[in-house]
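For reference, the chains in residue letters:
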Amino acid sequence: MDSLALAIGVPLIAALAAAAFPARAQALGLAGALATTVASLQVTALVWQQGSLRSEPGGWGAPLGLALQADGLSAALIAMTALVALATAIYASGYFRPGNRPREFWPLWLLLWTALNGTFLAADLFNLYVNMELLGLAAAALGALGGQPAAVAASLRYLLIGLLGSMTYLLGVALVYTAYGTLDMDLVAAALRPGPVAGTAMVLMTGGLALKAALFPLHFWLPPAHANATAPVSAALSALVVKAAFYLVLRLWLDVFTPLVTPAAAHLIGLLGAAAVVWGSWRALRAERLKLLAAYSTVAQIGYLCLFFPLLQATPPGTAREDLLAALVLMALTHGFAKSGLFLAAGLVQQSAGHDRIKELGGTAQHLPATTFSIALAGTALIGLPPSGSFIGKWLLMTSAVQTGQWWWIAAVMTGTLLAAAYVFRVLGQAFNLEPTPRRFLTQGRTELPALLLALTSVAVLGLAARPLWQLLQPGGAA
Amino acid sequence: MSLDSLLPASILLSSLLPGAFIFLVPEENHLLRGVLNMSGALLKLLLVGVMIWGVFHGHVYETRLTLAPGLDLVLHADALSVLFVTLSSVLWLVTTIYAIGYLEHSPNRSRFFGFFSLCVSATVGIALAGNLLSFVIFYEILTLATYPLVAHRGTPEATRGARVYLAYTMAGGALLLVGAVWLRALTGPVDFVQGGMLTGLHLEHQGQLIAIFLLLIAGLGVKAALVPLHGWLPQSMVAPAPVSSLLHAVAVVKAGAFGIVRVVYDVYGVQLAASLGLLSVLGILASGTILYGSIKALSQDGLKKRLAYSTVSQVSYIALGASILGPVATIGGLVHLVHQGIMKITLFFCAGNYAETLGIHRVSEMNGVGRRMPWTTLAFSVGALGMIGIPPIAGFVSKWYLGLGAVAAEAHWVLLILAASSLLNAAYFLPILYRAWFCPTPETWPEEQIPPRRLETSGALLWPPLITAAFCLLAGLLAAAPFSPLEWAELIARREYGL
């Protein structure tokens, strides 16, 4: 079996196994997580060596069949998904207490992972639709897992919004199929002619995906859904699921609808991104609960990623553009690690304090030093301070803004940075108080370490050792 | 990889790694924490010694880590970085001893010393940064590492002070970042080059270069406490005394002043900065700050507040030296980087001793304290007289060279500033000395915590100010000796001006 199919097949089989043997769901789930990580990293390693991969399981090739492909972009996201999901799975195994419905968690978790890998690897537009649908269903079910009325209501809304987004996307896919008779991304890209049909298809598909990616002003569903889910689920929703929809927008704009990407269209995305940065950061600053703060911060971070669109559009192909794309991916990865670390840490705070109201967290922050430290590290990455990966991302983003003469994006980036500093330190300031000194740095390794490692990765690893990412994204592969 | 390329990184790691481990040390394990602290500080000092020797003999030490294509994190030792690295490593050792004594019974020591070490690592990074990107990275890390130290006490005033500190430094960091990115986009990688990185070729962008300079100076001016960007400094006086010493003498304020020196000499080049008219802007800012800080200091009754405004004033001598064209003024500014550090740290140690031993926080409570704590007060007097510029203490040397440099550059107004500032310094320091030595001792002290035994206070508190006061005297008396701060500043000036 080829490695691309394995990266989707392994989590799917593990999900079925965990569903079939609920008594052993956790053990099977952890084993499945480990196996999926290995399968995913193998894809990344192969892309590293060969540049890109393509396979056609079942033997039905393009234009109609089922095809999978991977390039540097998908390989980077698959690796991030693997590491974040593995760490979150280990955390979950220590986080859930009996009666907290861990049995339903594991099959859904692995199903979510299947859909994520499927999205990153799909080579045709309909296959993408199927994976997106699966992703939406698994995510909504996971979100409702906690069982509180607020969580169920938010997840139901999330599900309906997701369906609306998928339907809109599907309409675009139908238009494309009618016009060009194929759904394979490469073939559509080759056949595409600018015109009303292609334009409408692009608007419909982008709009549907923007809804799923919570691009401002379509972000309204995200904060309640992400803030009310249980901690491991929030981490996956914010760090991974939103990224999958964003990945698709990027993929479509870069590889499929290339001739249709006009300065005006790119600027529109950039403007929405700038609005998301400012609005999301502002709402995060005003949020009273830690998890709500983290959720609004996701809205802002998606905004940063959108700021790259007008810059990419204005930069001619060459090293400057490759740098810019790498910076975009680096920021997405950094956010993935930082936000999952933040949500996992927030979950521990919530579990320990019984609530997550920021103003009353002082004592808890004081007696969980490792968790507070994770929040601080993740916060550093969310603000975009060095040595985090997002600092490099923002540096390159702003350099490009100067070089392409689009100064105004710098104002948005700096406003977001200062607001982010304000909301992160609003939380961290609580950790300095007159409560008694904690005795130890770590209190419960199984949950605190994954959060700490994720946050640390976003700062130290992605900030200081991100160079291989550039090699991975090179069209011809690194080796 | 050769040993030469490992040395800058080792100097950085000699405090970074112990710092990371200190976070994990259980609170009650004094011994392990002390060993980690002291071994890091001593090892760093040893490595810095090697570096001084090498740089003097023209060795090149450079560690380079590529973050992304075209973005390198560079640690590079030149004469200027060695000056700052040496200052911070020596004072770190002294401050660590002092802090161990000062915080003996207070909570959260592992957290404190962890961030303390991070803070010094960031300072060393700033000193050794070989390009503007690396400088910005360590400059921001310094902000992050000092915030927990300012907030350390955990009282509402402490968290408020820390919030103000953060607001100022984050905004400053943002300006610096925008300036650095803009310059990078305009000219490519901004390496620090002796004599200046920019050349006449860049003059076609004259307007942009001026704007960038102003952004950079504004960003650096926040930490260097240039008026009107100084508001955080008096507020962050709520921090424990070792932190104040660190903020004022070793790390934060110095990082800002050092950055200004770097931008003037090694990015723009002093000639180009002068021809763009930027030196006069800097000179006016620095002079205004010198006078404003001194005048504000006059009316402060809180001892630490008075010292804080004195810092605002004194640090601007460094910027003033950089703003006068000519090697002699450069020497005066650079040597003050060291001299202000050792004098001000002495004063803050002494202020901490008064507070810890007798509960004295105000100038008005200091009557007759010289009889109760003669050694501390002696050290305080050396620092204060040095600040005024009385020979043979270090501060005199700085002012002398600044004055000579001003005359050489025909900037006679600087002499007026120096004279006015010295008078003001005398006006706010001499009354303190008079009270301490000559006013009658009160019946009781505000809050006597350490009773007099063989020593007037605990040894770990007493020795550090005595040592640094001795440095102040030696730096003045032996100014002409090899490897004195003055000699080293002359070496830097020769290399910057290509003499």
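Conventions used here
Residues numbered from 1 in each chain as written. Chains lettered and ligands numbered in written order. Predicted model: local features only at pLDDT ≥ 70, side-chain atom pairs only at ≥ 80, totals over all residues. Heavy atoms only, no water. Helix = DSSP H or I, 4+ residues; strand = E, 2+ residues; numbered from the N terminus. Rg over C-alpha atoms; globule rule 2.2 N^0.38 Å. Buried < 20%, exposed > 50% of the residue type's maximum accessible area, 1.4 Å probe, protein only. Contact = heavy atoms within 4.5 Å. Areas by Shrake-Rupley, 256 points an atom, 1.4 Å probe, with all protein chains shown as cover. Lys, Arg positive; Asp, Glu negative; His and termini not counted. Charge placed at Lys NZ, Arg CZ, Asp CG, Glu CD. Pairing = 2+ DSSP bridges. Core = buried A, V, L, I, M, F, W, Y, C linked by side-chain atoms within 4.5 Å. Axes fitted to C-alpha atoms, helices over the stretch in contact; angles between N-to-C directions. Parallel < 35°, antiparallel > 145°, perpendicular 65-115°, else oblique. Left-handed = near helix turned anticlockwise from the far one by under 90°. Nonpolar A, V, L, I, M, F, W, Y, C, P; charged D, E, K, R; others polar. Buried area = accessible area lost by both parts, 1.4 Å probe. Salt bridge = Lys/Arg side-chain N within 4 Å of Asp/Glu carboxyl O. Phe/Tyr/Trp six-rings, centres within 6.5 Å; stacked < 30°, edge-to-face > 60°. Lys NZ or Arg CZ within 6 Å of the ring centre and 35° of its normal. pLDDT = per-residue confidence, 0-100. Expected span 1.5 Å × (residues − 1). Bend = angle between axes of the 7 residues up to and from the residue. Patch = residues over 30% accessible without salt bridge, like charges linked within 9 Å, V, L, I, M, F, W, Y side chains within 5 Å.

Some words on the overall build of chain A
Consideration 1: Helices and strands together make up the secondary structure of chain A, namely 19 helices and two strands.
Consideration 2: On C-alpha atoms alone, chain A measures out to a radius of gyration of 21 Å, which is about the 23 Å that the 2.2 N^0.38 rule sets for 479 residues.
Consideration 3: Across its three principal directions, the C-alpha atoms of chain A cover 70 × 55 × 45 Å.
Consideration 4: A burial count over chain A gives 62% of its 479 residues as buried.
Consideration 5: The contacts in chain A between residues at least 6 apart in sequence include a share of 80% that link residues at least 24 apart.
Consideration 6: Summed over all atoms, the accessible surface of chain A reaches about 16300 Å², with 68% contributed by carbon and sulfur.
Consideration 7: For chain A, the distance from the average site of its 24 positive side-chain charges to the average site of its 16 negative ones is 11 Å.

Things to note about the pairing of strand S2 (residues 71–77) of chain B
Consideration 1: Counting buried positions over the seven residues of S2(B) gives six, a clear majority of the element.
Consideration 2: Hairpin geometry of strand S1 (residues 61–68) of chain B and S2(B) is characterised by an intervening segment of two residues between the two adjacent antiparallel strands and by a positive phi of about 85° at B:Gly70.

A word on the nonpolar core
Consideration 1: With 382 residues, the main nonpolar core has A:Trp109, A:Leu112, A:Leu125 and B:Tyr268 as its most contacted residues.
Consideration 2: Ranked by residues supplied to this core, first place goes to helix H10 (residues 231–256) of chain A with 20 residues.
Consideration 3: Excluding anything up to four places from it in sequence, A:Trp109 contacts A:Ala85, A:Thr88, A:Ala89, A:Leu142, A:Pro232 and A:Ala236.

Considering the packing of helix H12 (residues 290–314) of chain A against helix H16 (residues 389–403) of chain A
All names here are of chain A.
Consideration 1: Running from N to C, H12 and H16 cross one another at 30°; their axes reach a closest spacing of 10 Å. Between H12 and H16, the crossing angle belongs to the class labelled roughly parallel. Crossing of H12 over H16 shows left-handed handedness. Across the interface between the two elements, Tyr304, Leu307, Phe308 and Leu311 from H12 touch Gly393, Lys394, Leu397, Ser400 and Ala401 from H16.
Consideration 2: Its residues assigned to classes, the contact of H12 with H16 comprises six nonpolar, two polar and one charged.

Examining the interface of chain B and chain A
Consideration 1: Facing 41 residues of chain B, the contacting portion of chain A comprises 36 residues.
Consideration 2: Each partner contributes to the roughly 3400 Å² buried at the junction of chain B and chain A, and carbon and sulfur atoms together form 78% of this total.
Consideration 3: Counting the contacts that link chain B with chain A gives zero salt bridges.
Consideration 4: Of all the elements, helix H6 (residues 156–187) of chain B adds the most residues to the side of chain B that touches chain A, at 12 residues.
Consideration 5: For the side of chain B that touches chain A, the class distribution of residues is 29 nonpolar, six polar and six charged.

Some remarks on the pattern of salt bridges
Consideration 1: Tallied over the full model, the rule gives 14 salt bridges over all chains.
Consideration 2: In this structure, A:Arg54 and A:Asp186 form a salt bridge, with 3.7 Å as the shortest nitrogen-oxygen distance. Residue A:Arg54 is found in strand S1 (residues 53–55), and its partner A:Asp186 is found in helix H7 (residues 185–191); the two are separated by 132 residues along the sequence.
Consideration 3: In this structure, B:Arg109 and B:Glu27 form a salt bridge, with 3.7 Å as the shortest nitrogen-oxygen distance. Of this pair, B:Arg109 sits in helix H4 (residues 109–128) while B:Glu27 sits in the loop between helix H1 (3–24) and helix H2 (30–56), and the two are 82 residues apart along the sequence. Per residue, the accessibility class of B:Arg109 equals that of B:Glu27, and both read buried.

Some thoughts on the pairing of S1(B)
Consideration 1: Note that S1(B) and S2(B) share seven bridges and pair antiparallel. Looking at S2(B), one finds that B:Thr66 is bridged to B:Asp72.

Observations concerning the side chain of A:Ser234
Residues and elements named next belong to chain A.
Consideration 1: Summarising the element assignment, Ser234 is placed in helix H10.
Consideration 2: According to the relative accessible area criterion, Ser234 is buried, its value standing at 0%.
Consideration 3: For Ser234, the contacting residues outside a window of four places in its chain are His226, Ala229, Lys291 and Phe343.

Overview of unusual backbone geometry
Consideration 1: For the bond running from A:Pro386 to A:Pro387, omega is 0°, close enough to zero to count as cis.
Consideration 2: Backbone torsion omega between B:Val227 and B:Pro228 reads 10°, so that peptide bond is classified as cis.
Consideration 3: Of note, B:Pro228 is situated in the loop between helix H7 (206–223) and helix H8 (232–235).
Consideration 4: At A:Ala214, a position not held by glycine, the phi torsion is positive, near 60°.

Thoughts on the packing of aromatic side chains
Consideration 1: This structure, assessed with the given rule, holds 38 aromatic pairs over all chains.
Consideration 2: An angle of 20° between the planes, with centres 5.1 Å apart, marks the rings of A:Tyr91 and A:Tyr95 as stacked. Residue A:Tyr91 and its partner A:Tyr95 are both found in helix H3 (residues 72–95); the two are separated by four residues, about one turn of the helix.
Consideration 3: For A:Tyr95, a relative accessible area of 8% puts it in the buried group.
Consideration 4: Centre to centre, the rings of A:Phe120 and A:Tyr247 are 5.1 Å apart; their planes meet at 85°, and the pair counts as edge-to-face. Here A:Phe120, found in helix H4 (residues 102–121), pairs with A:Tyr247, found in helix H10; they are 127 residues apart in sequence, far enough to count as distant.
Consideration 5: Overall, the relative accessible area of 3% leaves A:Tyr247 in the buried class.
Consideration 6: Taken together, the ring pairs connect A:Tyr91, A:Tyr95, A:Phe96, A:Phe105, A:Trp106 and A:Trp109 into an aromatic cluster.
Consideration 7: Over the aromatic face of B:Tyr139 sits the side chain of B:Lys223, whose NZ or CZ is 3.6 Å from the ring centroid.

Describing the confidence of the model for chain B
Consideration 1: Averaged over every residue, the pLDDT of chain B is 92; the share at 70 or more is 99%.
Consideration 2: Taking the mean pLDDT of every element in chain B, the minimum, 83, falls on helix H9 (residues 241–250) of chain B and the maximum, 96, on helix H16 (residues 374–388) of chain B.

Some details on helix H10 (residues 252–268) of chain B
All names here are of chain B.
Consideration 1: When the terminal C-alpha atoms of H10 are compared, their 23 Å separation across 17 residues agrees well with the 24 Å that a helix rising 1.5 Å per residue should span.
Consideration 2: Where H10 bends most, at Arg262, the angle is about 30°.
Consideration 3: Looking one or two places after H10, you find Gly269, whose phi comes out positive at around 85°.

Some thoughts on a nonpolar patch on the surface
Consideration 1: Taken together, the side chains of A:Leu442, A:Leu449, A:Leu453 and A:Leu456 present a nonpolar region at the surface, about 310 Å² in accessible area.
Consideration 2: Inspection of the secondary structure puts A:Leu456 in helix H18 (residues 445–464).

Details of the environment of B:Ala427
Consideration 1: Counting through the fold element by element, B:Ala427 comes out in helix H18 (residues 413–438).
Consideration 2: With 132 residues separating them along the chain, B:Ala427 and B:Ile295 place their C-alpha atoms 9.4 Å apart.

Re the environment of B:Val82
Residue and element names in this part refer to chain B.
Consideration 1: Secondary-structure assignment places Val82 in helix H3 (residues 79–102).
Consideration 2: A relative accessible area of 2% places Val82 in the buried class.
Consideration 3: Distance from Val82 to Leu303, taken between C-alpha atoms, is 32 Å for residues 221 residues apart in sequence.
Consideration 4: Other than its neighbours up to four places away in sequence, Val82 contacts Met51, Ile52, Val55 and Trp488.

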